[in-house]
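Structural overview
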Amino acid sequence: MSIGSSAFQNCRNITSITIPESVTSIGDNAFSGCESLTYINIPEGMTSIGNYVFYECFSLSSINIPQGVTSIGNYAFDSCNLTSINISENMTSIGDGAFGYNPLANMYLNSNPTFGSNAIPTTTKCHLSLSEGANFNNSNANTYADATYERELADSKYGTIIFPFAIDNDTKDSYEFYELDGQEDGRLNFTPVDDPQPGTPYLYKNAEGKKADCFTSGGRVTICTTMSDKDAGDGWTMKGNYESLVITDAGELDVTYYLSNNKVMNATTSLTLKPFRAYFQGPSYASTFADAGVKSIAIRTGEGTTLVSPETMEEVPTVYYDLSGRAVANPQSGIYIVNGKKLMVK
C-alpha cells in the first residue's frame, strides 16, 4: 500500500498523522506544505522517503526514521524545524537539500551514506557511531565531528582489526598493534606498530593493564576510502573487510585462514567473517600453512617472540639459549640464540 504523490499537500490544519504499518511507500510531495504538522509516524516497513515529502512542514520538530529506510529523497525534510536526527546503519543515500533550512544541530549516524548537495546545514555536526557486527561502506569520504567503533576483546587474546578512520592517542595507548612485515623460517612475521593507520589490517590485543571497548577518533575525522593489503611474499597476504565476508566457494576455502581464540584456523567449511576483521590468504597451491612452508605466526613483542602454531593451536613461549646451547630461564644482557638466530638482549 502506498500514499500517492501530493495526497495531503498544503493541508495546513493537519497536526498529527498515524500511517498504517501496511504502507510501504510515500509519493513525492505527499505532506509538503502541512505547516501545522507536529507529529507523524513512519512505519517500520518503509524503505525509502521520496522527494519533498515533508517539505515546508514548519512545525515538525522531531521525526523517527525506521531502520529499514535506506534512502531519503531530495528536499524531503527541507524547511522543517528539526534540531536532531538519528540515521540507522542501513542508510545509503541522503538526497540534495534533504535536511536543508533546519535548525539541525546534530545528526547521529550509524552508517556512512552518500550526501547530496547541501543535504544538511553547514552548521550541523555529524557524529558517526559504528557497532559490532554491522556492515560499513567506506566508499564515501565524509567528514564527521567524531567517530567511534565499539568492540570488546578478551584479555590475553589476539584479534584482527581494520578501522576506517584515524584513531586518537588514547585508543592507541589502550591496545598493542602488530603489522605483517614478511615471512622467514616457516613463519609469518608481525612487528609492533606505534601509529596504526586507517584502512590497514593489523593484529591487536589489549595493552597491559588496560581494558578498552571502543576505538575513537577523539575529534574531527574523515573516512579513509582506501584499503591496503599487507603482503608477506610468496603469495601470502593479509586483507581487511568492512562487510560480513561469506566464503562458500571450495577454491577459496583452501587458501583462506583466520584468527579465532588465539588459533589460526583454515576455512575448511563455510565461513562468515564479521566486519572490521582481517584474514589471511595463501598461495593457491597450498591447502594448509605447512603446504606453503609456513608453520606459525610470529608476533614480536617487547618480551620476545610469541608463536601461534596452526598445528598445535597453542601459544609457544620464546626459549633463549646461550652460545653453548643451554636453555636460559631469565636471560640477562648478552647474546643468545632464539629460534635458531643470534639475538642481542640489552
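Residues numbered from 1 in each chain as written. Predicted model: local features only at pLDDT ≥ 70, side-chain atom pairs only at ≥ 80, totals over all residues. Heavy atoms only, no water.

Let's talk about the sheet that holds strand S23 (residues 256-260)
With antiparallel pairing, the 5 strands of this open sheet are ordered in space as S20-S21-S26-S23-S24. Where the open sheet ends on each side, the last strands, each with one partner, are strand S20 (230-233) and strand S24 (263-266). For this sheet, the mean angle separating the axes of adjacent strands, direction not counted, is 30 degrees. In terms of strand pairing, S23 meets strand S26 (residues 277-281) through 2 bridges, oriented antiparallel. Opposite Tyr257, over in S26, you have Phe280 as the bridge partner. (Pairing = 2+ DSSP bridges. Helix = DSSP H or I, 4+ residues; strand = E, 2+ residues; numbered from the N terminus. Axes fitted to C-alpha atoms, helices over the stretch in contact; angles between N-to-C directions.)

Quick notes on the confidence of the model for the protein
A residue-level look at the protein finds 85% of positions with pLDDT of 70 or above and a mean pLDDT of 87. pLDDT under 50 marks residues 311-317. Its contacts with residues more than four places away, or in other chains, come to 17 contacts. (pLDDT = per-residue confidence, 0-100. Contact = heavy atoms within 4.5 Å.)

Topic: the side chain of Ser111
With respect to the helices and strands, the residue Ser111 is situated in the loop between strand S9 (106-109) and strand S10 (114-115). Residue Ser111 is classed as buried on the basis of its relative accessible area, which comes to 4%. At 3.0 Å, the side chain of Ser111 and the backbone oxygen of Ser88 are in polar contact. From its side chain, Ser111 meets the backbone oxygen of Met91 in a polar contact 3.2 Å long. (Buried < 20%, exposed > 50% of the residue type's maximum accessible area, 1.4 Å probe, protein only. Polar contact = N/O pair within 3.5 Å; in protein donor to acceptor, adjacent residues only side chain to side chain.)

Examining the state of the cysteines
Counting across every chain of the model gives 0 disulfides. Lacking any disulfide linkage, Cys34 is separated from the closest cysteine sulfur, that of Cys57, by 5.2 Å. Here Cys57 is not cross-linked by a disulfide; its sulfur's nearest cysteine counterpart is in Cys80, at 5.1 Å. Its relative accessible area of 0% is what places Cys57 among the buried residues. (Disulfide = S-S within 2.5 Å.)

Thoughts on the nonpolar core
Within the largest apolar cluster, 59 residues are counted, with the highest numbers of intra-cluster contacts made by Phe31, Phe54, Ile65, Ile72, Phe77, Phe99 and Phe177. Only strand S7 (84-87), S9, strand S11 (125-130), strand S13 (146-150), strand S15 (175-184) and strand S17 (202-206) provide two or more residues apiece to this core. With 3 residues, S11 is the largest single contributor of residues to this core. Setting aside its immediate chain neighbours within four residues, Phe77 contacts Ile49, Phe54, Ile63, Ile65, Ile72, Leu82, Ala98, Phe99, Gly100 and Asn102. (Core = buried A, V, L, I, M, F, W, Y, C linked by side-chain atoms within 4.5 Å.)

Notes on the pairing of S11
Examined bridge by bridge, S9 and S11 share 4 bridges and lie parallel to one another. Across the sheet, residue Asn106 finds its bridge partner in S11, namely Lys125. When S11 meets S13, the two strands line up parallel, connected through 4 bridges. In the sheet register, Leu128 faces S13, and the bridge partner there is Ala147.

A few points about the environment of Ser117
With respect to the helices, strands and loops of the structure, Ser117 is situated in the loop between S10 and S11. Residue classification places Ser117 among the partly exposed positions, given a relative accessible area of 47%. Along the backbone, Ser117 and Asp96 are 21 residues apart, and their C-alpha atoms lie at a distance of 4.7 Å. Residues contacting Ser117, with those up to four places away along its chain left out, are Asp96 and Gly97. A polar contact of 3.4 Å, which involves the side chain of Ser117, links it to the side chain of Asn118.

Some points on the sheet that holds strand S8 (residues 93-94)
An order of S5-S6-S8-S10 is seen for the 4 strands of this open sheet, with the pairing classed as parallel. Every other strand in the sheet has two partners, leaving strand S5 (48-49) and S10 as the edge strands with one partner each. Direction of pairing for strand S6 (residues 71-72) relative to S8: parallel, over a ladder of 2 bridges. Counted as the bridge partner of Ser71 is Ser93 from S8.

Looking at the packing of aromatic side chains
Per the stated rule, a full pass over the model turns up 22 aromatic pairs. Each member of the aromatic cluster is reached from another via a ring pair, and the members are Phe136, Tyr149, Phe163, Tyr175, Phe177, Tyr202, Tyr204, Phe215, Tyr242 and Phe276. (Phe/Tyr/Trp six-rings, centres within 6.5 Å; stacked < 30°, edge-to-face > 60°.)

Here's the deal with the side chain of Ser88
Within the secondary structure layout, Ser88 lies in the loop between S7 and S8. The buried category is assigned to Ser88, whose relative accessible area is 7%. Setting aside residues no more than four positions away along its own chain, Ser88 makes contact with Pro66, Gln67, Val69, Asn110 and Ser111.

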